[in-house]
Amino acid sequence: MRWEVDVISGGRSPLELPLGTGESIISVAMNFEYDVVIIGGAFSGAATALMLKRKRPEARVLIIEKTAEFDRKVGESTTEVSSCYMTRILGLTHYLGHHQLAKQGLRLWFSNRPDQLFEDCVEIGTRYQSRLPGFQVDRAKLDSHLLDLAVEAGCDLWRPAKVTKCELNGANGQAVSAVVDHTERSVTCRWVVDATGRATMLARKLGHFRPNTEHPINAVWARFTGVKQWDSYEWRERFPDYANHCRTGREWATNHLFGRGWWVWIIPLRGGDVSAGIVYDNRIFKLPEGPNLAQRLHAHIAGHPVGREIFGAAKAIEGDVHALSMLPYHSEKVCDDGWAAVGDATGFIDPLYSPGLDFCSYTSYYVADLLARSLAGEDVEERLRNYNRQYPVTYRYWFETLYKDKYYYMGDADLMSAALLLDVSSYYIGLVGAVYRDPEREFLNLPFSGFGGRLARNTMSFYNRRLVALAKRRWATGYYGKRNSGWRELYDGFVPDIRVRKRIWLGLGRWWKCELINLGLMLRRQTENSASQASTTPAEACEV
């Protein structure tokens, strides 16, 4: 299939061409200037380039990056899976240890009224340090370092450069034009990789882009200075019970504040700045009005008892406030002969649980392996089909199991704590253990594939739907958030082996207890309805 993608006008014209094999021979015969051109030099693009050069050092790779400097992204926290990719596959352990912050898990905070005392808020999280590595990253610095590694490995770089045209001709080769230093340059190549992130250049131009209208979430975020320390001497003096219950530093965790229809992340960055932002479902919650985005965000965070203590004297860094609407989207097709998409150019769901870098890890490694095989002369037609077939399944199942309508119950501590335990335990069983056992093999398998993937999807989707139903009844009966005070749940943590069953049983117990409460709410409503009907019957009889 031949497509001409004019980045300015969006025009395209199809012409049938057969899929080819033996690409390395074709590349030489057709005299392509590059084997691969990667459009986008941030994490996914640079990782794809680096892995391709490691697998096939002689590959001629060009990276085209539009910005002179990288900006910071919505999420700045890694998971166990993406951390495995960065440490075990990319080899960034030394860099991450010296230039980024170690992450100490997730920590959730709940309240049921704005004037609630800090020590009365519900806290859910780990008591000890995390068992597996995770990081609080400054994405601008991480992306720059990874791009430098790709260039050191032998990749050429055009930066800053604006792509003006990308002509896709399948096995006959691709042509890319870009403006670099006020001069237009053009190159030909065998493969084009779309690593343009949310710009999703090829998905939009080829008509594969699809917004996820089932999940209408927006985000506002900023960097703050003057944020109080979670583990300071002052706080130990003020809240001794809070200080004595936890054996690790709360400050290095990804702390979350929750309410119905929204959540706030609080992430520390090396150097002292703090990233904070709100993500909300616009079906349920509207961000209060204010003079500007920074003040609106700060006012909302300070409206939560925990946020008020932490952010009372904080100030947003001027010029570093951002907003995005309708965050989730995906591409129905992620590759064809001659092109492939990676990272956020394939899709995005939700920053909660930080899945973005997980998707970047799987897709960049899969595509790098596919390209290396193609350049070696291997027929990759079936691998292209598998990527197109499995990616939409991975995206859909990941969304349905973890995020669909979750914002209805995330403000209730009982329901969200059950979800956290079951969600993270399932993640450890299904993905974390596998990638740590054999990362080179497992990162070639997109999640939720095969029978095991369908079983996980059905199980997780079921309990997620039940928690949504429980939340709606609690809201209708006035019980929602009733238990958002007076308790703390700190557990040992998660490990990718049989010991995770303890967290599963704890999550199941919390869920089943919520089901029993729901049964009581149903019976109470039926009793109230019966009493109401009985009280109106005599009056109705008199009227007759």
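Parameters and conventions
- Residues numbered from 1 in each chain as written.
- Predicted model: local features only at pLDDT ≥ 70, side-chain atom pairs only at ≥ 80, totals over all residues.
- Heavy atoms only, no water.
- Helix = DSSP H or I, 4+ residues; strand = E, 2+ residues; numbered from the N terminus.
- Rg over C-alpha atoms; globule rule 2.2 N^0.38 Å.
- Contact = heavy atoms within 4.5 Å.
- Areas by Shrake-Rupley, 256 points an atom, 1.4 Å probe, with all protein chains shown as cover.
- Pairing = 2+ DSSP bridges.
- Salt bridge = Lys/Arg side-chain N within 4 Å of Asp/Glu carboxyl O.
- Buried < 20%, exposed > 50% of the residue type's maximum accessible area, 1.4 Å probe, protein only.
- Core = buried A, V, L, I, M, F, W, Y, C linked by side-chain atoms within 4.5 Å.
- Axes fitted to C-alpha atoms, helices over the stretch in contact; angles between N-to-C directions.
- Phe/Tyr/Trp six-rings, centres within 6.5 Å; stacked < 30°, edge-to-face > 60°.
- Polar contact = N/O pair within 3.5 Å; in protein donor to acceptor, adjacent residues only side chain to side chain.

Now for the overall build of the protein. If you tally the helices and strands in the protein, you get 16 helices and 22 strands. By the compact-globule yardstick of 24 Å for 544 residues, the protein fits well, its C-alpha radius of gyration being 26 Å. Within the protein, contacts between residues at least 6 apart in sequence are counted, and of these 77% link residues at least 24 apart. Carbon together with sulfur atoms contributes 53% to the accessible area of the protein, which is approximately 22,400 Å² in total.

Let us look at the sheet that holds strand S18 (residues 329-331). Strand order in the open sheet formed by three strands is S12-S18-S21, and the pairing between neighbours is antiparallel. Where the open sheet ends on each side, the last strands, each with one partner, are strand S12 (209-211) and strand S21 (347-348). In the sheet, S12 pairs with S18 via three bridges, with the strands oriented antiparallel. Its bridge partner being in S18, Phe-209 is matched across the sheet by Ser-331.

Side chains that carry opposite charge are capable of pairing whenever their charged atoms lie near each other. Counting across every chain of the model gives 37 salt bridges. In this structure, the salt-bridge partner of Glu-382 is Arg-389, at a minimum N-O distance of 3.2 Å. On the accessibility criterion, Glu-382 (45% relative accessible area) is partly exposed. The class of Arg-389 is partly exposed, set by a relative accessible area of 46%.

So, on to the nonpolar core. By size, the foremost hydrophobic cluster in this structure holds 117 residues, and its most contacted members are Val-36, Phe-43, Tyr-85, Leu-90, Leu-146, Met-416 and Phe-443. In terms of residue count, helix H13 (residues 413-437) provides more of this core than any other element does, 15 residues in total. The residues touching Leu-146, leaving out its near neighbours within four places in the chain, are Phe-43, Ala-46, Ala-47, Leu-50, Leu-90 and Leu-92. Core analysis: the second largest hydrophobic core is formed by 28 residues, Trp-109, Cys-121, Phe-239 and Ile-278 among them.

Now for the sheet that holds strand S6 (residues 122-126). One open sheet holds the eight strands; their spatial order is S17-S13-S16-S15-S14-S5-S6-S22, and the pairing between them is mixed. Strand pairing shows two members of the sheet lacking a second neighbour, strand S17 (315-324) and strand S22 (488-491), which therefore form its edges. In this sheet, adjacent strand axes meet at a mean angle of 15 degrees when their direction is disregarded. In terms of strand pairing, strand S5 (residues 106-110) meets strand S14 (residues 254-259) through four bridges, oriented parallel.

Applying the stated criterion across every chain, the model contains 34 aromatic pairs. Ring geometry for Trp-475 against Tyr-480: centres 5.4 Å apart, planes inclined by 85 degrees, an arrangement best described as edge-to-face. When its relative accessible area of 49% is taken as the criterion, Trp-475 is described as partly exposed. Each residue in the set Trp-109, Phe-118, Trp-230, Trp-235, Phe-239 and Tyr-242 is aromatic and connected to the rest through ring pairs, giving one cluster.

Taken across its ten residues, helix H3 (residues 80-89) has eight buried, putting it largely inside the fold. Buried within H3 are the following residues: Val-81, Ser-82, Ser-83, Cys-84, Tyr-85, Met-86, Thr-87 and Ile-89. Where H3 begins, one side-chain oxygen reaches toward the backbone nitrogen of Val-81, 3.4 Å away; that side chain belongs to Thr-79. Within two residues after H3, Gly-91 carries a phi angle of roughly 75 degrees, on the positive side.

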